[in-house]
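As a plain string of letters, each chain reads:
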Amino acid sequence: MQTLTIRKPDDWHLHLRDGAVMQAVTPETSRDFGRAIIMPNLVPPVVTGADARAYRERIMACVPEGDGFSPLMTLYLTETTDAADVIASYRDGLVHAVKLYPAGATTNSQSGVRDIETVLPVLEKMAEAGMPLCVHGEVTDPAIDIFDREAAFIETVLEPLRARLPELRVCMEHVTTRDGVDYVMAADSNLVCTLTTHHLIINRNHILAGGIRPHYYCLPVAKREEHRLALRKAAISGDARVFLGTDSAPHLDPLKESACGCAGVFSATNTMACLAHVFEEEGALDKLEAFASLNGPRWYGLEPNGGTMTLTRSDAPVSYPDKIDTDEGPITLFDPGFDLHWSVTRD
Ligand code: NCD
Ligand code: ZN
């Protein structure tokens, strides 16, 4: 038996939803993670400080006693967002970042930004305050191939924005391409990225070869193998600009297993076991702590968690549930496609 003890990790990109789904999935994260950046793409979205405060309370009501989990709230950037409210909520310590969804890019992004010019006054205030902007980095132009949308976003939106507002602190979330990690690595400052667990494990063949597998469908969509390998290299680099954001995004099974299935992979329950597997496979278990527990808080201006987590490797495979039950129906857990041998022991 092999064990690895690291600082308790955080998840820097998480969807908890609301109502019955939130009730069921919140403990799946609070069991292993100290904190998580909570995505604001509810319907209607979390736009104001007051929305975030109320949502935070609803989340806290779902955290099992003794878990010591803290949700870090974000605000959904709209073309009518009030800059003063954003900055006040940040200074309050209630809200930790603003999320930019290009309108139509992904699940519940209809209220997002169509024209970046309209939100520049808010972004300028954020730059002044040092408040991070989390970015869903895909263009929505239907003429752009879905596999090219991240690279196109960097070129046509992100680079011009960063040239115009170099002081703005930007986190490019769930990067899925070599272009994305190369762009972050080449930047001199104020740019970081998160990587999901599943994009370190699947490529586009997993979704499409030998039958269509809706539970692997998410946005940004998984790319070619060469991109997955580039993401792995970045994850194990220990570079302070790269950290974990699982993008665990639960959808009820009927909504995934449909003629027009929703985007999102639910991975909260087995994420740490999957990551330990990946880092072990890469001979880089010593880099897991930087990726999952140290680099993220540093970017967000927080201390690492006080507690620790011990991961234990057993020779026999460890079983994780196929699905999580909610009062509205089941949600399928991410299947990495290999046996998991790691499990989390609570410290
Ligand atoms: C997310 C969701 O379901 O809210 N889906 C996804 O595929 N990742 C939205 C997002 O983060 O893009
Ligand atoms: Zn997401």
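Counting restarts for each chain, with residues numbered from 1 along the sequence as it is written. In the order they appear in the text, chains get letters beginning with A and ligands get numbers beginning with 1. With pLDDT at 70 or above as the cut-off, local features in this predicted model cover only qualifying residues; side-chain atom pairs require 80 or more to be listed or tallied, and sums for whole chains, interfaces and linings still use all residues. Only hydrogens and water are set aside when side-chain values are computed; all heavy atoms of the structure are taken into account.

K.L.:
I tried to follow the site of ligand 1 on my own but got confused; where do I start?
P.N.:
Residues are counted as near a molecule or strand when any one of their heavy atoms sits within 4 Å of it. Around ligand 1, 15 residues are found, and the nearest of them are Arg-17, Asn-41, Thr-106, Leu-219 and Asp-247. Definition of a polar contact: a pair of N or O atoms within 3.5 Å, with one able to donate and the other able to accept a hydrogen when the atoms are protein atoms, and with sequence-neighbouring residues admitted only if both atoms are side-chain atoms. A distance of 3.2 Å is found between an oxygen atom of ligand 1 and a side-chain nitrogen or oxygen belonging to Thr-107. His-136 places a side-chain nitrogen or oxygen 3.3 Å from an oxygen atom of ligand 1. Classification convention: Asp, Glu, Lys, Arg as charged; Ala, Val, Leu, Ile, Met, Phe, Trp, Tyr, Cys, Pro as nonpolar; all other residues, Gly among them, as polar. The residue inventory of the shell around ligand 1, partitioned by class, reads four nonpolar, nine polar and two charged.

K.L.:
Got a minute to help me understand the packing of helix α6 (residues 178-186) against helix α8 (residues 225-235) in this structure?
P.N.:
Each pair of packed helices can be described by the angle between their axes along with the distance between the axes. Here an axis means a line fitted to C-alpha atoms, over the contact stretch when the element is a helix, while the angle between two N-to-C directions is reported on a 0 to 180 degree scale. Only DSSP runs of H or I covering at least 4 residues are called helices, and only runs of E covering at least 2 are called strands; the numbering of each starts at the N terminus. Remark: α6 packs on α8, axes separated minimally by 8 Å, with the N-to-C direction vectors making an angle of 35°. Residue-level inspection shows Arg-178, Asp-179 and Val-181 of α6 in contact with α8, the latter providing Glu-226, His-227, Ala-230, Leu-231 and Ala-234. Per-class residue counts for the contact of α6 with α8 are four nonpolar, one polar and three charged. Contact criterion: two residues are considered in contact whenever any of their non-hydrogen atoms come within 4.5 Å of each other.

K.L.:
What exactly am I supposed to notice about unusual backbone geometry here?
P.N.:
Among all residues save glycine, negative phi is the norm, and among peptide bonds the norm is trans. A cis amide bond links Val-43 with the next residue in sequence, Pro-44, at an omega value of -5°. Relative to the helices and strands, Pro-44 is located in the loop between β3 (35-38) and α2 (49-60). With an omega of -5°, the peptide bond between Leu-219 and Pro-220 qualifies as cis. Here Pro-220 lies in the loop between α7 (204-208) and α8. The phi dihedral of His-174 falls on the positive side, at around 35°, and the residue is not glycine. Mapped onto the elements of the fold, His-174 is located in the loop between β7 (170-172) and α6.

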